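Here is how the chains run, residue by residue.
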Amino acid sequence: MRLNSLSTALKSNPSHLTELDLSNNYLQGSGLKQLCGLLQSPNCRLKTLSKFQFSFILDLHPSLRLRGCSLSEDSCSSLSSALKSNPSHLTELDLSDNYLQPSAVKQLCGFLQSPNSRLKTLRIDGKVLTAKKPQTCDSDVKANVKTNLHEDDRQALLSFSPEYTAESSYRFRCPGPGVFRCDLTGLVFVMTQEAELLYRAVQWDERVLRPAGKTPAGPLFEIKCSEDAAVCQLHLPHCETKDALLVDGLLSVVHVTDDGTSVLEPLEITDTHVAVKVPNLSAFGLVWDFVKRFLNVTLPINGQVLLFLRPPYEDQRVLDIFLLQDNIPVHEVAIQQGAAEQIKISSNCHLSFGQSYSVQCEPEGFIIQPEHEAFQTRCGPNFHPTFEVFLNKNTKTVTLMVRDQERSDVWKRHVLLTGPRGELPQTDVPSEDSVPSEDSVPAYERLLSIRMQFINGVSEPVLNQLLDKLLQCRVINDAEMQLTGIKARAEKARDVIDTVRRKGAVACWALVAALREVDPCFSRALSFS
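About the thresholds
What you see as residue numbers is a count from 1 along each chain, following the sequence as written. Side-chain atom pairs in this predicted model are given and counted only at pLDDT of 80 or more, local residue features only at pLDDT of at least 70, and totals for whole chains, interfaces and linings cover all residues. Neither water nor hydrogens contribute to the side-chain values; these are computed over all heavy atoms in the structure. DSSP bridges decide pairing: two strands pair if at least two such bridges lie between them. Every helix listed is a DSSP run of H or I at least four residues long, and every strand listed is a run of E at least two residues long, numbered separately from the N terminus. By definition here, a salt bridge exists when the distance from a side-chain nitrogen of Lys or Arg to a carboxyl oxygen of Asp or Glu is within 4 Å. Only protein chains enter the area calculation, which uses a 1.4 Å probe; residues under 20% of their type maximum are buried, those over 50% are exposed, and those in between are partly exposed.

Things to note about the sheet that holds strand β27 (residues 373-374)
The strand order across the open sheet built from four strands is β27-β25-β29-β30, with neighbouring strands paired in antiparallel fashion. Whereas interior strands pair on both sides, the edge strands pair on one side only; in this sheet they are β27 and β30 (409-416). Looking at chain direction, strand β25 (residues 356-362) and strand β29 (residues 397-403) are connected through five bridges and run antiparallel. Opposite Ser358, over in β29, you have Arg403 as the bridge partner.

This is how it looks when you write it as structure tokens:
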């Protein structure tokens, strides 16, 4: 909309205009300033000003209901100054369907407190604020900003399991507008339309963060999308406790592009995520203010303890223990562990940066290294175990404790270890004698080497037949069969090969034998025949 002509016309003869509705117009900063010139005219008799759509449009709903707008500091300052200079005639201001930051709302509420103000109603995102209670304006809207940003969307949030590609990327096609949460990374995407997402964890370059006084607070994700502007907001999971969230300015998001690095202030910080507007797609990562984080280093973060059991070597096995922030995706850690089996166990704990931790094991007598280790942030994409416990091959259960430097337990669990690789509790699986003698490479390594070929190449009918055979010989159970059966082809294939690999050599050979029988051509392509 051309505001130059409109503003000139209204200034020349403003006395008769009592209502101006500019709903659904993209009013940028310069256009808003011109409109504010009209409001400052002493002859202005405007009584109603309806639904400004300010700059930084994030999302236009198909039904034309505006969602996700922000009011910049400059635009808010211009509007507030105009209203303060000539407040006597305006009786209603409707800013519905705009996501206003608390600082912007505070400026707008200033003119409500003017003794000359005749404003009776201020509508902001579902709240109706009146001049009778000006002192409640700021606090009311702050609460509203906290809850309204995605209040409707949260109720319709959809979780999805992405495809994991050969290029170590996650892929998912969003079916349309909405809010979608990735089960593997915890990322939340607010979408305006159908589009395909492709994203992956990449390496931080901390040198670009130092000049801004920032340090990584989570993984850095490179994000691509098939449609420009389809992603209007991104929510990154954080690991802060509620006490740490009281530290103002602690968290922000870094946007890394070919042109440089910029810091994005959060639209909202919830108990679990930091939400930001997406200017354009490239790489995004959560960061701490270095000084504020380490001035508050005594405040613990939400952590996690991850366990991975390596395949047996001679008469020993090694249990790897990872101490990590809880916003580190478990999948990112697991894919680097090769044939090691993740032990599923409750992992939540509180950890403090710089605090020294140790691991104790019952029964005693096992070698644990190192003796103690200071907890530091690890954001990936490469992860290495914090501790290693060297176990006897026939160890079935242990009790593990993670202790701080005061020797207090921050995490303690009774851990059930699976039998050594190749020993399954089920019967009717192929015996070791049935393994072809010419196959000298361990079975789980064979499956790992052709994993992506299997995921990308196996057909849906073949997968279903493989599942039936693996159930029949008790390599998988009914629950695993049902859970895998409802997934998409690529995800089902990934579950099949990874589940079998984790169950040892005999289970792996059972899959190989079943594939040779069901699809000899594909089996030969994988060098299994």
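Observations concerning the pattern of salt bridges
Note that side chains of opposite charge can pair when their charged atoms are close. Counting across every chain of the model gives 15 salt bridges. Ionic pairing is found between Asp205 and Arg207, a salt bridge with its closest N-O pair at 2.9 Å. One salt bridge in this structure joins Arg501 and Asp498, with 3.2 Å as the shortest N-O distance. Of this pair, Arg501 and Asp498 both sit in helix α13 (residues 489-502), three residues apart, roughly one helical turn. Classification of Asp498 as buried rests on a relative accessible area of 11%.

So, the pairing of strand β11 (residues 178-182)
Judged from the three bridges that link them, strand β8 (residues 158-160) and β11 form a sheet pairing that is parallel. Its bridge partner being in β11, Ser159 is matched across the sheet by Arg181. Where β11 lies against strand β12 (residues 188-191), four bridges are found, and the strand directions are antiparallel. Looking across to β12, one finds that Val179 is bridged to Val190.

Considering the pairing of strand β28 (residues 387-392)
Note that strand β22 (residues 316-325) and β28 share six bridges and pair antiparallel. When the sheet's bridge partners are listed, Leu319 is paired in β28 with Val389. Of the pairings in the sheet, the one linking strand β26 (residues 367-369) to β28 comprises three bridges and is antiparallel in character. Residue pairing for β28: Ile368 is matched across the bridge by Val389.

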